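Spelled out, the chains give:
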Amino acid sequence: MLLAGVGLGFGILIVVRSLHPARPMLAAALQQLTEPRAAAVDRRVDGSRPLVALARALGLQRLINPSVTTDLRLLGRSPDAHLARCLLVGAISALIAPAIVGILVLGGITTAVELPVALLVALAIAGTLVPNLTIRSEAAKRRRSFNHSLSAFLDLVAVNLAAGRGIEGALD
């Protein structure tokens, strides 16, 4: 019994440690900060071309409005990759409907034909829209982070100017 408790405790420790990764070394973090970044990263994979073509044929390019384009650019993602993601998430979400109907049938509950079809369409549409919502929230999070960093920098500049340093000294 004691051995089982030690094993369980060790397993919980491993899970907790894996959820909180170790902090990076200071030299590696500073090196990452000083490296120049590319303005826009195109993460298009050659295997996604058929998905992008199918998404465009279905008219999903209408999901990429100017605000989504701005958010994609801010996050360094390409519109083609976003279209492929919208198509895949919509297709995977649509697969939930047959699973739900199968569970209902196994439970002895019969449904009309309209319910599974309506559920499939609703889940496919909702799944197609989910990537836009995640893009919007990730971009808002990044904007908040930038605003916080900028305001902290400007506060430091104001403190340095109040301390009598010159403009060049305050900006350094």
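Report follows, based on the coordinates. Here the structure is a predicted model, which is why all the values come from computation and not from measurement.

## Details of the nonpolar core
If you look at the biggest cluster of nonpolar residues, it comprises 13 residues, and the most contacted ones within it are Ala55, Leu60 and Leu83. Every element with two or more residues in this core is listed here: helix 3 (49-57), helix 4 (66-75) and helix 5 (79-94). With 4 residues, helix 5 is the single largest residue contributor to this core. When residues no more than four places from it in sequence are discounted, the contact partners of leucine 60 are Ala55, Leu83, Leu87 and Thr128.

## As for the pattern of salt bridges
Tallied over the full model, the rule gives 3 salt bridges. Salt-bridge contacts for aspartate 71 lead to arginine 143; the nearest nitrogen and oxygen are separated by 2.9 Å. Linking aspartate 71 in helix 4 with arginine 143 in helix 7 (residues 114-162), this pair joins segments that are 72 residues apart in sequence.

## Observations regarding the side chain of aspartate 80
By the secondary structure assignment, aspartate 80 is in helix 5. Aspartate 80 sits in the buried class, given a relative accessible area of 16%.

## Notes on the packing of helix 3 against helix 5
Two numbers describe how helix 3 lies on helix 5: the axes approach to 8 Å, and their chain directions differ by 75°. With respect to their mutual orientation, helix 3 and helix 5 come out roughly perpendicular. Of helix 5, the residues touching helix 3 (which contributes Leu51, Val52, Leu54, Ala55 and Arg56) are Asp80, Leu83, Ala84, Leu87 and Leu88. Grouping the constituent residues of the contact of helix 3 with helix 5 by class yields 8 nonpolar, no polar and 2 charged.

## Considering a nonpolar patch on the surface
Residues Phe146, Leu150, Phe153, Leu154, Leu161, Ile167 and Leu171 make up a contiguous nonpolar surface patch of roughly 690 Å² in combined accessible area. Those elements that provide at least two residues to the nonpolar patch are helix 7 and helix 8 (167-171). Counting residues per element, the nonpolar patch draws most heavily on helix 7, at 5 residues. Within the secondary structure, phenylalanine 146 is located in helix 7.

## Quick notes on the packing of helix 6 (residues 96-106) against helix 7
The N-to-C vectors of helix 6 and helix 7 enclose an angle of 145°; their axes lie 8 Å apart at closest approach. The crossing of helix 6 and helix 7 is right-handed. Contacts between helix 6 and helix 7 pair Ile96, Ala97, Pro98, Ile100 and Val101 from the former with Pro116, Leu119, Leu120 and Leu123 from the latter.

What counts and how
Residues numbered from 1 in each chain as written. Predicted model: local features only at pLDDT ≥ 70, side-chain atom pairs only at ≥ 80, totals over all residues. Heavy atoms only, no water. Core = buried A, V, L, I, M, F, W, Y, C linked by side-chain atoms within 4.5 Å. Buried < 20%, exposed > 50% of the residue type's maximum accessible area, 1.4 Å probe, protein only. Helix = DSSP H or I, 4+ residues; strand = E, 2+ residues; numbered from the N terminus. Contact = heavy atoms within 4.5 Å. Salt bridge = Lys/Arg side-chain N within 4 Å of Asp/Glu carboxyl O. Axes fitted to C-alpha atoms, helices over the stretch in contact; angles between N-to-C directions. Parallel < 35°, antiparallel > 145°, perpendicular 65-115°, else oblique. Nonpolar A, V, L, I, M, F, W, Y, C, P; charged D, E, K, R; others polar. Patch = residues over 30% accessible without salt bridge, like charges linked within 9 Å, V, L, I, M, F, W, Y side chains within 5 Å. Areas by Shrake-Rupley, 256 points an atom, 1.4 Å probe, with all protein chains shown as cover. Left-handed = near helix turned anticlockwise from the far one by under 90°.

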